[in-house]
Amino acid sequence: MSFTSGELVEVLRAAGEPTRLRILALLRREELSVMELGQILDQSQPRVSRHLKLLAEAGLVERFPDGAWVFYRLSAHGARRALAEEMLGELQPNEPVIARDADRLGQVHHTREAEAAAYFERNAARWDQVRSLYVAEDEVERAILDAVGSGPFERLVDLGTGAGRMLTLLGEKAHTALGLDLSQQMLNIARRQVADAGVGHCELRHGDIFSTGLKGGSADLVVIHRVLHYLNDPAAAVAEAARLVSANGRLLIVDFAPHRLEYLRQAHQHRRLGFSDEEIGRWCGEGGLGKLTATTLPPGAEDGLTVKVWLAQPVAVAQRSAA
């Protein structure tokens with residue numbers, strides 16, 4: 001890690017201001033919108049935006065628009081990220097201002113979770129109907145089956161299993177299957193769906209997609225099916241999923257391509273308005289997964305959403321396949 005004297009002065013000047021240091025400490029935890037940072041810092045959005053502009057110009061944070069919202073995160077790589085981590089590592093977590101920001105971030109989490117939980121409870125009984133609003137389910141499921149292949153898989157793990165559709169679709173290809181979800185209502189529906197489908201070797205368990213508690217490398221097929229757009233930190237969910245993939249396994253991600261349907265934030269609690277191939281590829285790569293293939297399913301209606309089916313494999317498997 002090395003800088004010219006001018007570069008180092010620029011970085012230190014950007015970080016060496018109390019509010020900007022607080023912003024860096026928050027973004028070290030997760031990506032946040034300008035609105036959320038304003039709530040936590042108790043400052044106006046224009047003022048927060050000015051601080052973020054300086055941090056972005058110094059290469060300490062990355063800005064990425066998502067529909068009408070703008071999110072920020074610490075720079076992903078390089079000397080500036082390393083320097084930011086080193087500086088933030090010297091902060092005392094019990095310092096009153098830093099601790100208060102962490103508490104307010106917890107309140108933001110609580111608000112998000114309450115809104116999402118209320119949405120899931122309202123829509124649990126018609127979950128499959130809600131999902132079918134975007135693109136024909138049979139088309140998506142054919143693409144999923146084509147992507148994962150014939151199997152068999154020793155162990156399937158479905159993260160954010162919802163109503164359990166991926167378990168009923170893919171369960172017969174696996175010797176054992178596990179579905180995790182935080183909503184007990186969704187788990188109850190999934191249990192009924194799995195039983196009705198006659199897939200008797202599936203276990204359904206209350207679990208957190210960010211911290212599954214499962215052994216690393218324990219699954220040869222890990223699935224995240226239309227979950228990432230609800231999450232405050234989708235990169236962390238992909239990292240946890242990648243950790244679970246065995247040496248010869250694969251990770252299947254199904255979600256939306258970038259779009260502009262802002263009403264989905266309020267009406268359906270979508271936090272992110274889709275993901276690019278580059279973003280998914282980078283997150284998978286950071287988790288040790290190499291070759292990424294993508295299938296694109298355009299919407300049936302002009303104002304619909306494009307569904308993407310991504311399949312990633314560990315680097316070693318990708319290298320053997322290319323040899």
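Residues numbered from 1 in each chain as written. Predicted model: local features only at pLDDT ≥ 70, side-chain atom pairs only at ≥ 80, totals over all residues. Heavy atoms only, no water.

(A) Geometry of the overall build of the protein. Broken down by element type, the protein carries 14 helices and 10 strands. In terms of overall dimensions, the protein is globule-like: its C-alpha atoms have a radius of gyration of 21 Å, near the 20 Å expected for 323 residues. Its C-alpha atoms give the protein principal-axis dimensions of roughly 65 × 50 × 40 Å. If you take every contact in the protein between residues at least 6 apart in sequence, the share linking residues at least 24 apart comes to 67%. A total of about 14800 Å² of accessible surface is found on the protein, and carbon and sulfur atoms cover 51% of it. (Helix = DSSP H or I, 4+ residues; strand = E, 2+ residues; numbered from the N terminus. Rg over C-alpha atoms; globule rule 2.2 N^0.38 Å. Contact = heavy atoms within 4.5 Å. Areas by Shrake-Rupley, 256 points an atom, 1.4 Å probe, with all protein chains shown as cover.)

(B) A look at the sheet that holds strand S8 (residues 245–256). Strand order across the open sheet formed by seven strands is S6-S5-S4-S7-S8-S10-S9, with mixed pairing between neighbours. Among the strands making up the open sheet, the edge pair consists of strand S6 (202–206) and strand S9 (289–297). Across the sheet, the mean angle from the axis of one strand to that of its neighbour is 15°, orientation sign disregarded. Alignment of strand S4 (residues 153–159) against strand S7 (residues 219–225), held across four bridges, turns out to be parallel. Considered in S7, the bridge of Leu-159 is made with Ile-224. Each of S4, S7, S8, S9 and strand S10 (307–314) touches helix H8 (residues 137–148); the most contacted strand, S8, lies at about 160° to it. Contacting strand S5 (174–181) and S6, helix H10 (residues 184–197) runs over the sheet at an angle of about 175° to S6. (Pairing = 2+ DSSP bridges. Axes fitted to C-alpha atoms, helices over the stretch in contact; angles between N-to-C directions.)

(C) Representation of the environment of Gly-300 within the structure. Note that Gly-300 resides in the loop between S9 and S10. Measuring from C-alpha to C-alpha, the distance between Gly-300 and Ala-136 comes to 7.4 Å, with 164 residues separating the pair along the chain.

(D) Here's a closer look at helix H1 (residues 5–15). Of all the residues in H1, the buried ones are Val-11, Ala-14 and Ala-15. In a view along the axis of H1, the buried residues occupy a sector of 95°, so they form one face of it. Away from its buried face by more than 90 degrees, H1 exposes Ser-5 and Arg-13. Looking at the buried residues of H1, the elements they touch are helix H2 (18–29), helix H4 (45–57) and helix H5 (78–89). (Buried < 20%, exposed > 50% of the residue type's maximum accessible area, 1.4 Å probe, protein only. Arc of directions from axis to C-beta.)

(E) Local environment of the sheet that holds strand S3 (residues 69–74). If you walk across this open sheet you meet the three strands as S1-S3-S2, and the pairing is antiparallel. Both edges of this open sheet fall to strand S1 (32–33) and strand S2 (61–66), since each of them pairs with a single strand only. Looking at chain direction, S1 and S3 are connected through two bridges and run antiparallel. Looking across to S3, one finds that Leu-32 is bridged to Tyr-72.

(F) Structural context of the environment of Met-87. Tracing the backbone shows Met-87 in helix H5. For the pair Met-87 and Ala-25, spaced 62 residues apart in sequence, the C-alpha to C-alpha distance is 9.6 Å. Apart from residues no more than four positions distant in its own chain, Met-87 is found in contact with Leu-12 and Ala-15.

(G) Here's a closer look at the packing of aromatic side chains. Considering all chains together, one arrives at two aromatic pairs under this definition. On the basis of an interplanar angle of 65° and a centroid distance of 5.9 Å, the ring pair of Phe-275 and Trp-283 is categorised as edge-to-face. Per residue, the accessibility class of Phe-275 equals that of Trp-283, and both read buried. Taking NZ or CZ as reference, Arg-265 lies 4.3 Å from the ring centre of Trp-69, over its face. (Phe/Tyr/Trp six-rings, centres within 6.5 Å; stacked < 30°, edge-to-face > 60°. Lys NZ or Arg CZ within 6 Å of the ring centre and 35° of its normal.)

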